Amino acid sequence: MGAIELRNVEKWFSEVQVIKGVDLTIADGEFIIFVGPSGCGKSTLLRMIGGLEDVSRGQIIIDGMDATDQPPSKRGLAMVFQSYALYPHMTVRENMGFSLKTAGAPKDELDAKVMDAARGLKLEPLLERRPKELSGGQRQRVAIGRSIVRDPTAFLFDEPLSNLDASLRVDMRYEIAKLHQRLKSTMIYVTHDQVEAMTLADRIVVLDAGFIAQVGTPRELYERPANLFVATFIGSPK
Ligand code: ADP
Ligand code: MG
């Protein structure tokens, strides 16, 4: 479970087309990264997959079902953004369990899932703290933990590390790589950081003004960039 297919997806904001005929098949369990300069459409594409933005044209298929017109809550996806709003008055444990609790999960299932996610992200010692007693990196781990608890079909990350300082970014990159190895779930990850893309991705999608400029493994893009735009962006020797 977790295959996602984009079929000729387009997005217009009034008269302006920002996503142009995107076709992409993401395999179950794949770690796929969207890169490209600011304004090229990475967030818009991710938000359409998540259902936060209407699709102007084309289809989004999740696990073989047409999800194009489904509300976000029906898609089974977890979204982790750079502004990771945690509830300030709740503890880490309560923040992590909140969505399952409101969905009516029994207490023992809730406790087990929160513990499981906390263990994987080394959050156990922090479970009784409140967000203001956490560092930026710890808060981001809680935001990720909170999304794991719901057993999503796939994770959507929009520049989740961009608010962290450089050394924390490296640590969190490692945590996210481990998380992917452990959960084996599909991950779609937006970044403008080439190093993040090259180290985390199974495949990278390079976007250029709403088009896919190239899709390939980090190595393919580095060794055989399709054009100068990709070469420049990936940092290949020209
Ligand atoms: P990225 O995430 O790659 O930086 P975005 O997907 O945020 O790019 O934006 C792609 C383009 O769409 C940009 O030109 C942006 O200004 C435009 N855009 C994004 N959201 C809206 C919106 N709600 N209304 C109008 N234009 C938008
Ligand atoms: Mg963006």
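This text goes with the structure placed above it.
Residues numbered from 1 in each chain as written. Chains lettered and ligands numbered in written order. Predicted model: local features only at pLDDT ≥ 70, side-chain atom pairs only at ≥ 80, totals over all residues.

Caption draft 1: View of the sheet that holds strand β3 (residues 31–35). Taking strand neighbours across the sheet as the criterion, the six strands line up as β6-β7-β8-β3-β9-β10 in an open arrangement whose pairing is mixed. Edge positions in the sheet fall to β6 (77–81) and β10 (211–216), since each of these pairs with one other strand and no more. The sheet shows a mean angle of 15° between the axes of neighbouring strands, direction not considered. Sheet topology places β3 next to strand β8 (residues 186–190); four bridges connect them, and they run parallel. (Pairing = 2+ DSSP bridges. Helix = DSSP H or I, 4+ residues; strand = E, 2+ residues; numbered from the N terminus. Axes fitted to C-alpha atoms, helices over the stretch in contact; angles between N-to-C directions.)

Caption draft 2: Representation of helix α4 (residues 136–148) in the model. Helix length check: α4 (13 residues) gives 19 Å between terminal C-alpha atoms against 18 Å at 1.5 Å per residue, within 8%. With 10 of its 13 residues buried, α4 lies for the most part within the structure. The complete set of buried residues in α4 reads R139, Q140, R141, V142, A143, I144, G145, R146, S147 and I148. Looking at the buried residues of α4, the elements they touch are β6, α2 (92–102), α3 (107–120), β7 (154–158) and α5 (166–183). (Expected span 1.5 Å × (residues − 1). Buried ≥ 20, exposed ≤ 12 C-beta atoms within 10 Å, placed from the backbone. Contact = placed C-beta atoms within 7 Å.)

Caption draft 3: Structural view of the site of ligand 1. Around ligand 1, the surrounding shell consists of F13, V18, G36, S38, G39, C40, G41, K42, S43 and T44. When residues of the shell around ligand 1 are assigned to their parent elements, the largest contribution, three residues, is made by helix α1 (residues 42–50). A per-class count over the shell around ligand 1 returns three nonpolar, six polar and one charged. (Near = placed C-beta within 6 Å. Nonpolar A, V, L, I, M, F, W, Y, C, P; charged D, E, K, R; others polar.)

Caption draft 4: Region of the structure containing the sheet that holds strand β5 (residues 65–66). Reading across from one edge, β2-β1-β4-β5 is the order of the four strands in this open sheet, with antiparallel pairing throughout. The outermost strands of the open sheet, each flanked by one partner alone, are β2 (16–26) and β5. Pairing geometry for strand β1 (residues 4–13) and strand β4 (residues 57–62), over five bridges, is antiparallel. Bridging across to β4, E10 finds its partner in R57.

Caption draft 5: View of unusual backbone geometry. A positive phi angle is found at D151, which is not glycine, with a value near 50°. By the secondary structure assignment, D151 is in the loop between α4 and β7. Backbone geometry places E159, a non-glycine residue, at a positive phi of 45°. Tracing the backbone shows E159 in the loop between β7 and α5. Taking the C-beta count within 10 Å as the criterion, E159 has 19 such neighbours and is therefore assigned partly exposed.

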